[in-house]
Amino acid sequence: MTTLSPDTIDLTDCDREPIHIPGAVQSHGVLLGVRPDSMEICLASENVESWWGRSAQSLVGQPLRTIMPDSDYERFEQTVDIHQSRFANPLVISTTTDKGVLNGISHWNSGLVVLELEPVDIAGVEQAQPTDEQARRVNSEAVDRLFHLTMRPTMLAAQAHTVEDYADIVCRELHTFLGFDRTMVYRFAPNGDGEVIAERVHPDMEPYLGLRYPASDIPKQARELYRIQWLRQVVDVDAPSARIHPAKNPQTGQPLDLSQSVLRAASPIHLQYLRNMGVASTITISLIHQDRLWGLLVCHNKTPKYVPYPMRSACELLAATVSPQFVSKEISSQSQRRMKRREMLNPAVRGFTASSRVTESCRQQFPILKDIFEADGVAIVEGNEVYCEGITPEPGLIPSIIADLSPDAESGIASSENWARRMDQPESSVAGVLLIELREDLVFLAFRKPLTQVVRWGGDPAKAVQKIEGSARLAPRASFEEFLETVRGTSKPWTMTDLELAEDFQQAVMQFVIKRLETQAAEARVREKLKSDLRLSEVKLALAFDAANIGFWEYDISYNQMTSTHWLSTLGYDEEDDVKFERFTELCHPEDLPRVQEALEAYLAGDAPTYQQQFRMKRREGRWVWVESRGRIVERTESGEPSRIAGVHLDIDALKTSQERVITKNDELQSFIYAVSHDLKSPLVTCRGFLGLLREDLDSGDREAAEDDLRRMEDSIHTMSAVIDDLLDLGRLGRDGVNMERTNLRAVIEQVAESLEEDAGHREATILIGDVCDSAVIDMHASRRIIQNLLENAIKHACKEPGCEIKVSAAIENDILLLSVSDTGPGIRVDFHQKIFGLFERLDSSTPGTGIGLASVAKAAELQGGTAWVESEPGQGATFYVRIPQH
Amino acid sequence: MKERGRLIRFLLIEDDENHAELVRRNLDRDRIQNTLDRVGDGEEALAFLRKEPPYEDAERPDVILLDLKLPKKNGLEVLKDIKADESLHSIPVVVVTTSEAENDRQRAYELQANSYVMKPIDFEQFRRMVRDLSLYWGVWNQPPADS
């Protein structure tokens, strides 16, 4: 036995108080110790004196039968005779005292039979003597109610989904059954703290529902007693207790162990505790499952209240029935909750994205993680970075928390319910910390607030603090103070579930990280492959661009900068640095530029679906070349404005030139056909017309007119054949290709001149051969056509008056052959100088001609890479020139 | 309809003497009283219409028959000048040509030619064309008051 000294009292003294051997019983009953062999009384509570008028000392050593009727004694003796098992409690015993019939409750204790006698009825404390009959009736009624008490909670169990719902049902039944002012269901947390989870209370009394009590409120040895003895009763806190005489069991020499006693005097601390709460009487029933104290059913009464043995037994039976239900309800609701939390875990980790850091992903999942760990705040710490959400300590403090908790190296998990107290941070908003190392240098933390519920005790807390002077007795209020202190820095505890979830979370993140690393490695391989492919295609592209003379360009709109100069190099420039957009506008043909700029702006503004334009650009050597530009927006600003456009320049000059040539040729052909058809149709109209008129003239016998008709028909037929001949000549030009070779030009000129001498003679004109070089590089047929046509033209149009002179000259200067035919005719007006070279163009319809001769000259000159033109002024004659390059 | 007995005055702008003769002789046979002036190229035509030398005494025509293929100044240029000339633009101009070129027809109408007819090769058709032209332009057509 421990001795307590007033000076050394602290709260843990409670744990040392020897409550199982108080050496006294409550005074509403008497305790007798009986030797089983002799059936002599060897122990007696002092209050026997007030029952039998004999002191405890005087009863010790007396046979038991001296204090009860023989019949009762014999019944009792029979129960004792039976081997040392339980007694058939209660045994109704009539005493020889004024207490009348009593319930006798016996148990074996250290070789003794302990017989406790207590009143039969509820009002037993004050009751007048009940008869034997009455006592039995009371007991049997109690059995009926017992049935209801125990069956109803069992039948209603299915309706309760949670522990609390079920506790409420049990509480209600017990409250009705016993009729105390307050009935509570009290549950122990794993750390020993208690919580009121159901309550029925008299309206005058303060409700305790939801309150928590520190483990120290119910000391360890009290709990032990609760396990052994399922029901304790304190009938009146203020009633004096009755000491047991002698103090030690003569059989053992030790104080009598009252663990199984129904009358055991309560601990003075407990009594004080009850008084502080304004409670006069109490019953406490243990809820035990598989030898573990799960909770208590607690009843309080403001006034003293006695519950007789059968009803107490009923309560014990109730407790035995409901205890497993409580445990199973708790387990199922815990596992449901655990399952729910675990179910949240997988989606949370699945929500991690491969593209962002684990820290980032955790931050995104903070709300879910908070729910999973039933935390008030969470944080993630990577190196020096600390991110918090919800209720957390100052971020600056978090590294020191991690250091303080120093997680287990193997699991990487640590937890604390009272971090704030440990770290001496009493004002901290956070008390509980759960630390999970996700990987090296990456820590996840969940935080819980301190529990804020304050236990409200009856009475004034300030006055309630008591330390009894000179006595080794504790005042429960001290416990309360301490509890407030404890509660201030303590959170809801981290349960096994929390720790399991922590482990699951840790593993899920690790798996995610590993998986991501694998993915990243695979991606890196693919990227590397792509990179080398890209390099290869860049090279290929560059080669292709060069080969096709495609210019690549990029235009950074915001900086007005063209960031690729490849398009410049295709134009023969060697500018290397980035150039301003103006460089492009400089080089673009001024006729095309406005159209190009308009098209570009329309595309950038989104008005045109594409940008594709053909325009001319100036090459370095000054030549204009046609390019086709195509571009596409490749970058936009955040607001969606185009900021960069890239494209290509295709050199389409050759295409464009040949296209133009085809168009020109086509146009030429078209007008040639029309002209031919006109000039052939025209004589036909004349022919048919005068043929018609000829018939009429013949009919009317007008011979003169008929002659005229015939002459006109002949003329037009002649014209037609001339046109056809000249057209054939024109057509023959160049048909067999152009054969430029050194030729005896003089001989050609002389031959032609000679062949036309007769024609000239008709007009009294002379053909002269002036300075003529001997030879030149020419196509002989084409040059012959030129000379012939020019001479014929001069004879027809210039030689209208007699004595006209026509002179042919030819000279080579600067590698160019200049051939000329001049005449002394009327000359040609300047505005006709070009026109006359056109097909079927004639200046005078009164002179014969087909309008093909000079067109042939122009074509023949062109075939030899040269040109033809005329220089003349009216009245001054005319000189036709043909210029043929010699190389 | 025009006042009976009034003379319809044609101006034929035609370089081909034979064609001109064909027109003239067909008009002669017509019951509609008419007179025909003829010029051989574009420049002469404008001089005639503007009464420039040597055409000071030229009469303003009621209808102009215009060939397109003309020396010096082609028919389309003449048409353009006529239609641009305030004093001449109300005179109906009928293009009479052998040209089948789409361009020519297009251009002629753009330049406000009043009509465009092809010279038929067939003699009877040629005759009917001349007769219909004189009937339409000389009888049915109502020119504006100032002409």
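Coordinates for the structure precede this section.
Residues numbered from 1 in each chain as written. Chains lettered and ligands numbered in written order. Predicted model: local features only at pLDDT ≥ 70, side-chain atom pairs only at ≥ 80, totals over all residues. Heavy atoms only, no water.

**Quick word on the overall build of chain A**
On a plain count of helices and strands, chain A comes out with 24 helices and 33 strands. Going through the 887 residues of chain A one by one, you find that 47% of them count as buried. Counted over contacts in chain A with a minimum sequence separation of 6, partners at least 24 positions apart contribute 63%. In the form shown here, chain A has an accessible surface area of approximately 44100 Å², with 50% of it arising from carbon and sulfur atoms. (Helix = DSSP H or I, 4+ residues; strand = E, 2+ residues; numbered from the N terminus. Buried < 20%, exposed > 50% of the residue type's maximum accessible area, 1.4 Å probe, protein only. Contact = heavy atoms within 4.5 Å. Areas by Shrake-Rupley, 256 points an atom, 1.4 Å probe, with all protein chains shown as cover.)

**Some thoughts on unusual backbone geometry**
Between H245(A) and P246(A) the backbone carries a cis peptide bond, its omega angle lying at -10°. Following the sequence through the fold, P246(A) ends up in the loop between β11 (241–245) and β12 (248–249). The linkage connecting P53(B) with the following residue, P54(B), adopts the cis geometry, with an omega of 5°. Mapped onto the secondary structure, P54(B) falls in the loop between α2 (42–49) and β3 (63–66). Despite not being glycine, Q112(B) shows a phi value in the positive range, around 70°.

**Examining the packing of aromatic side chains**
Residues and elements named next belong to chain A. The tally for this structure, following the rule as stated, stands at 16 aromatic pairs over all chains. Judged by centre distance (6.0 Å) and plane angle (70°), the ring pair of F837 and F880 falls under edge-to-face. With F837 in the loop between β31 (816–823) and α24 (853–863) and F880 in strand β33 (residues 878–885), this pair connects stretches of sequence that are 43 residues apart. Accessibility classification places F837 together with F880 in one group, the buried group. Ring geometry for W869 against Y881: centres 5.4 Å apart, planes inclined by 25°, an arrangement best described as stacked. Of the two residues, W869 sits in strand β32 (residues 867–872) while Y881 sits in strand β33, which places them twelve residues apart along the sequence. For W869, a relative accessible area of 26% corresponds to the partly exposed category. For Y881, a relative accessible area of 18% gives the class buried. (Phe/Tyr/Trp six-rings, centres within 6.5 Å; stacked < 30°, edge-to-face > 60°.)

**A few points about the sheet that holds β31(A)**
Residues and elements named next belong to chain A. Spatially, five strands are ordered β28-β30-β31-β33-β32 in an open sheet, and the strand pairing comes out mixed. Edge strands, defined here as strands with exactly one partner in the open sheet, are β28 (766–772) and β32. Ignoring which end each strand starts from, the neighbouring axes of this sheet average 15° apart. Relative to β31, strand β30 (residues 805–813) is paired through eight bridges, and the arrangement is antiparallel. Opposite E813, over in β31, you have I816 as the bridge partner. (Pairing = 2+ DSSP bridges. Axes fitted to C-alpha atoms, helices over the stretch in contact; angles between N-to-C directions.)

**Thoughts on the packing of α2(B) against helix α3 (residues 75–84) of chain B**
Two quantities define a packed helix pair, namely the angle between the helix axes and the distance between the axes. Residue and element names in this part refer to chain B. Where α2 contacts α3, the two axes come as close as 9 Å, and the packing angle between them is 20°. Accordingly, the angle class assigned to the pair α2 and α3 is roughly parallel. The hand of the α2/α3 crossing is right-handed. Contacts between α2 and α3 pair G42, A45, L46 and L49 from the former with V78, D81 and I82 from the latter. Of the residues in the contact of α2 with α3, the class split is five nonpolar, one polar and one charged. (Parallel < 35°, antiparallel > 145°, perpendicular 65-115°, else oblique. Left-handed = near helix turned anticlockwise from the far one by under 90°. Nonpolar A, V, L, I, M, F, W, Y, C, P; charged D, E, K, R; others polar.)

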